[in-house]
Amino acid sequence: MIGERRAAILNIIIDSYIKTGEPIGSKTLASLLPYRISSATIRNEMAYLSELGFLEQMHTSGGRIPSKASYRYYVNNLLVPKELTDYEKAFITERLSVNAGDPERLLHDAATLLAEITHCAAFCNTIKDEYDSIQGVDLIPAGNSKAMLVMLTVGGKIKSSVCRLDCPIDDEFKSLFYYIMSEYFVGTPLTEVNIGLIQSTVPVLGTKAFDMLPALTSLCSLCREASESTVFIEGETNLFSHEELGNGVYRLLSFLAAKEHLKQLMEDYSKSGKETELLIGDENYHYELKNTTTALAKFNYNNSQTAVLGIIGSTRIDYSSILPRVEYIMKTVKEFLQKGGVTFE
């Protein structure tokens, strides 16, 4: 700990810089402190805080600004959270409840909401699960020789596509389709649904094989899509308003656009990170994130599924307002995921 007076000075400097982005000098500080103290004493205290690595001076005669290390001390020791109102809580819960039964859509909605509320970039990722398998498949006639194929995985992923069939989608066709699903596909790992598996159904399908082929190849594509991890990013343009990122914002946007680096970050975090984590400045693992604050949360649901949700902003984000709202959104997502989603009879 740094003592009550130094803590009060550091707290005012950080709060002021978060609001204005401007350095603060000893005279201004003296007027903001709740008790009388000379400018000379304040300068001495600021010099001590600088020696600790908590303050930086942009110019010799200029005021001080917080260092990256000071934000960590601020979050751990000085932060006074701005609690959510009942309206905010209800609004967040309502927004996230729309797709609460579909984990991927729920995570996408959460990332969109995080970007709106925090004015940062937000992201989510469903981690690849090699053991996820087909729980059920439904075929819904859509007219004009079209049908919608809807697949649900054991991990809760829902995928759909429309395929064209060159035969009537009558009771006989649907009965054969569901028989093939039950015998060959339900319970099969997504990574094992391929052309070879489709070919193995030919002896049973006989002359109906060509009629069934469009539906089976569509299912194969859905399984391939569902088996891969997916990255969703929202609010990248919010970062342009984070002036302290400077020209580094373009390097950060390139990092996000590549997605592979972000995907790797989330996959690594999902294996070894805490349930929630706040990384400030140099605590971040990637060079491109060294001037950012990253908040992360990982979720385990449906036994073997893992997802990661987070935000990226500058180190000058409004921690007292943003962190409680990020925490509430992530807590709500966790609750919905643990309740589970859709099942096929």
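The structure we're discussing is the one just above.
Caption draft 1: Structural detail: the packing of helix α1 (residues 4-20) against helix α3 (residues 39-51). The N-to-C vectors of α1 and α3 enclose an angle of 80 degrees; their axes lie 10 Å apart at closest approach. By the criterion of interaxial angle, the relationship of α1 to α3 is roughly perpendicular. Residues R5, R6, I9, L10 and I13 of α1 touch α3, and the partners they reach there are T41, E45, M46, Y48 and L49. Along the lines of polarity and charge, the residues of the contact of α1 with α3 split into six nonpolar, one polar and three charged.

Caption draft 2: Main features of the packing of helix α4 (residues 68-78) against helix α13 (residues 319-339). Relative to each other, α4 and α13 sit at 60 degrees, their axes nearing to 11 Å. As judged from the angle between their axes, α4 and α13 are oblique. Helix-helix and strand crossings are classified by hand; for α4 and α13 the assignment is right-handed. Contacts from Y71, Y74 and V75 in α4 reach Y319, S320 and L323 in α13.

Caption draft 3: How the structure looks around the nonpolar core. Core analysis: the largest hydrophobic core is formed by 59 residues, its most contacted members being L10, L96, F299, L309, Y319 and V333. Residue contributions to this core peak at ten residues, all from α13. Aside from chain neighbours lying at most four places away, what touches L309 is L107, A110, A111, L114, F123, C124, A295, L296, A297, F299, M330 and V333. Listed in part, the 29 residues of the second largest apolar core include V137, L165, M181 and C220.

Caption draft 4: Geometry of the packing of aromatic side chains. All chains considered together, the criterion is met by six aromatic pairs. With a centroid separation of 5.2 Å and 40 degrees between ring planes, the pair formed by F54 and Y73 is classed as tilted. In this pair, F54 is assigned in the loop between α3 and β1 (55-57) and Y73 in helix α4, connecting sequence segments 19 residues apart. Residue Y73 is classed as buried on the basis of its relative accessible area, which comes to 11%. Within the aromatic cluster, the residues linked to one another by ring pairs are Y71, Y74 and Y319.

Caption draft 5: Region of interest: the pairing of strand β3 (residues 121-126). Of all the six residues making up β3, six are buried; the element is thus mostly covered by neighbouring parts of the structure. Taking every second residue as pointing to the same face, both faces of β3 are buried, with A121, F123 and N125 on one and A122, C124 and T126 on the other. Alignment of β3 against strand β10 (residues 305-314), held across six bridges, turns out to be antiparallel. Residue pairing across strands places T126 opposite A307, the latter belonging to β10.

Basis of the calculations
- Along each chain, numbering runs from 1 in the same order as the chain's sequence is written.
- Given that the model is predicted, a residue must reach a pLDDT of at least 70 before its local features are reported, and side-chain atom pairs must reach 80 or more before they are shown or counted; all residues, however, enter totals for whole chains, interfaces and linings.
- Hydrogen atoms and water are omitted, and side-chain values are computed over all heavy atoms in the structure.
- Helix axes use the C-alpha atoms of the stretch in contact, all axes being lines fitted to C-alpha atoms, and the angles between their N-to-C directions lie in the range 0 to 180 degrees.
- Only DSSP runs of H or I reaching four residues or more are called helices, and only runs of E reaching two or more are called strands; each is numbered from the N terminus.
- Angle categories: roughly parallel below 35 degrees, roughly antiparallel above 145, roughly perpendicular from 65 to 115, and oblique for all the rest.
- Contacts were defined at the residue level, with two residues in contact if any of their heavy atoms lie within 4.5 Å.
- Note that Gly is not counted as nonpolar here; it falls among the polar residues with everything else outside the nonpolar set of Ala, Val, Leu, Ile, Met, Phe, Trp, Tyr, Cys and Pro and the charged set of Asp, Glu, Lys and Arg.
- By definition, any crossing whose near helix is turned counterclockwise from its far helix by less than a right angle is left-handed, and any crossing with a clockwise turn is right-handed.
- In this text, buried Ala, Val, Leu, Ile, Met, Phe, Trp, Tyr and Cys residues form a nonpolar core when linked through side-chain atoms within 4.5 Å.
- Relative accessibility under 20% of the residue-type maximum defines a buried residue, over 50% an exposed one, and the middle range a partly exposed one, all with a 1.4 Å probe and only protein chains included.
- Aromatic rings from Phe, Tyr and Trp, taking only the six-membered ring of Trp, are treated as a pair when their centres fall within 6.5 Å; an angle between ring planes under 30 degrees marks them as stacked, one over 60 as edge-to-face, and anything in between as tilted.
- Paired strands, as defined in this entry, are two strands with at least two bridges between them according to DSSP.

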